[in-house]
Amino acid sequence: MKQRSLDRLAELARGMLAHAYAPYSRFRVGAALESDSGEVFTGCNVENASYGLTICAERAAVARAVAEGHRRFRRLVIATESDAAVAPCGACCQVVAEFGGATEVFSFGNREQASWQLKDLIPHAFNRSQMTAGEMTAGDCRDGGP
Ligand SMILES: [Zn+2]
């Protein structure tokens, strides 16, 4: 199993700042997501003129990892040019939590760094076990449901 240092992951996340597409917010974000097997997938934010279509760096990294067959993550490292260490947004926490809550999250700003457990950032993440009560059966369709 590969084990990169946190400094190396931070360096990879910072390297992604150069690729960020953030012409609207000018808030560039880079991410490095480490899978349980030690593979690292990077991402950057990709903004859009239709703001709601913007993709955060963290979710870009998750999409890249999942596309390569990785679904378990031990560390998510983000880097920004802000002085403060910023936490990932709620949407990104939810997306990472889809694959388990054991991920450690690290953030590197210009002056501060911070770390959290994902489960502390999103303690009540929506998950598939909450969907079972709403499952419909063929009978539900026939008789119109409950
Ligand atoms: Zn986000």
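Keep in mind that this is a model prediction, so the values were computed, not measured.

Here we look at the overall build of the protein chain
Okay, so step 1: When its secondary structure is counted, the protein chain shows five helices and five strands.
Okay, so step 2: Scanning the protein chain from its N terminus toward the C terminus, one meets helices and strands in the order α-β-β-α-β-α-β-β-α-α.
Okay, so step 3: Burial analysis of the protein chain (146 residues in total) assigns 32% to the buried set.
Okay, so step 4: Summarising the internal contacts of the protein chain: among those between residues at least 6 apart in sequence, 62% fall at separations of at least 24.

Focus: the packing of helix H2 (residues 57-67) against helix H3 (residues 90-97)
Okay, so step 1: Packing of H2 against H3 leaves a shortest axis separation of 9 Å and a crossing angle of 20 degrees. Judged on the interaxial angle alone, H3 and H2 are roughly parallel. Regarding H2 and H3, the two cross each other, and that crossing is left-handed. For the pair H2 and H3, contact is made by Glu58, Arg59 and Val62 and by Cys92, Val95 and Val96, respectively.

Examining H3
Okay, so step 1: Looking at H3, one finds that the buried residues are Cys92, Cys93, Val95, Val96 and Ala97.
Okay, so step 2: In the core, the buried residues of H3 are packed alongside H2, strand S3 (73-80) and helix H4 (118-121).

Observations regarding the nonpolar core
Okay, so step 1: Counting 33 residues, the largest nonpolar core has Ala13, Ala31, Ala32, Leu33, Ala57, Ala61 and Val96 as the members making the most contacts within it.
Okay, so step 2: Listing elements by their share of this core, those giving two or more residues are helix H1 (6-15), strand S1 (29-35), strand S2 (40-44), H2, S3, H3, strand S4 (104-108) and H4.
Okay, so step 3: Sequence-distant contacts of alanine 61, defined by excluding residues within four places in its chain, comprise Ala31, Ala32, Leu33, Phe41, Thr42 and Gly43.

As for the pairing of S2
Within a regular beta strand, the side chains point alternately toward one face of the sheet and then the other, so they alternate between its two faces.
Okay, so step 1: Counting buried residues along S2, five of its five residues qualify, which places the element largely inside the surrounding structure.
Okay, so step 2: Bridge count for S1 against S2 is five bridges, and the pairing is antiparallel. What sits directly across from glutamate 34, in S2, is valine 40.
Okay, so step 3: Taking the residues between adjacent antiparallel strands as the criterion, S1 and S2 are bridged by four residues, where glycine 38 takes a positive phi near 95 degrees.

Some points on the sheet that holds S4
Okay, so step 1: If you walk across this open sheet you meet the five strands as S2-S1-S3-S4-S5, and the pairing is mixed. The open sheet is flanked by S2 and strand S5 (113-117), the only strands paired with a single partner. Pairwise comparison of adjacent strand axes, ignoring direction, gives a mean angle of 15 degrees for this sheet.
Okay, so step 2: Where S1 and S3 come together, seven bridges link them in antiparallel fashion. Paired with leucine 33 across the strands is leucine 76, a residue of S3.

About the thresholds
- Residues numbered from 1 in each chain as written.
- Predicted model: local features only at pLDDT ≥ 70, side-chain atom pairs only at ≥ 80, totals over all residues.
- Helix = DSSP H or I, 4+ residues; strand = E, 2+ residues; numbered from the N terminus.
- Buried ≥ 20, exposed ≤ 12 C-beta atoms within 10 Å, placed from the backbone.
- Contact = placed C-beta atoms within 7 Å.
- Axes fitted to C-alpha atoms, helices over the stretch in contact; angles between N-to-C directions.
- Parallel < 35°, antiparallel > 145°, perpendicular 65-115°, else oblique.
- Left-handed = near helix turned anticlockwise from the far one by under 90°.
- Core = buried A, V, L, I, M, F, W, Y, C linked by C-beta atoms within 7 Å.
- Pairing = 2+ DSSP bridges.

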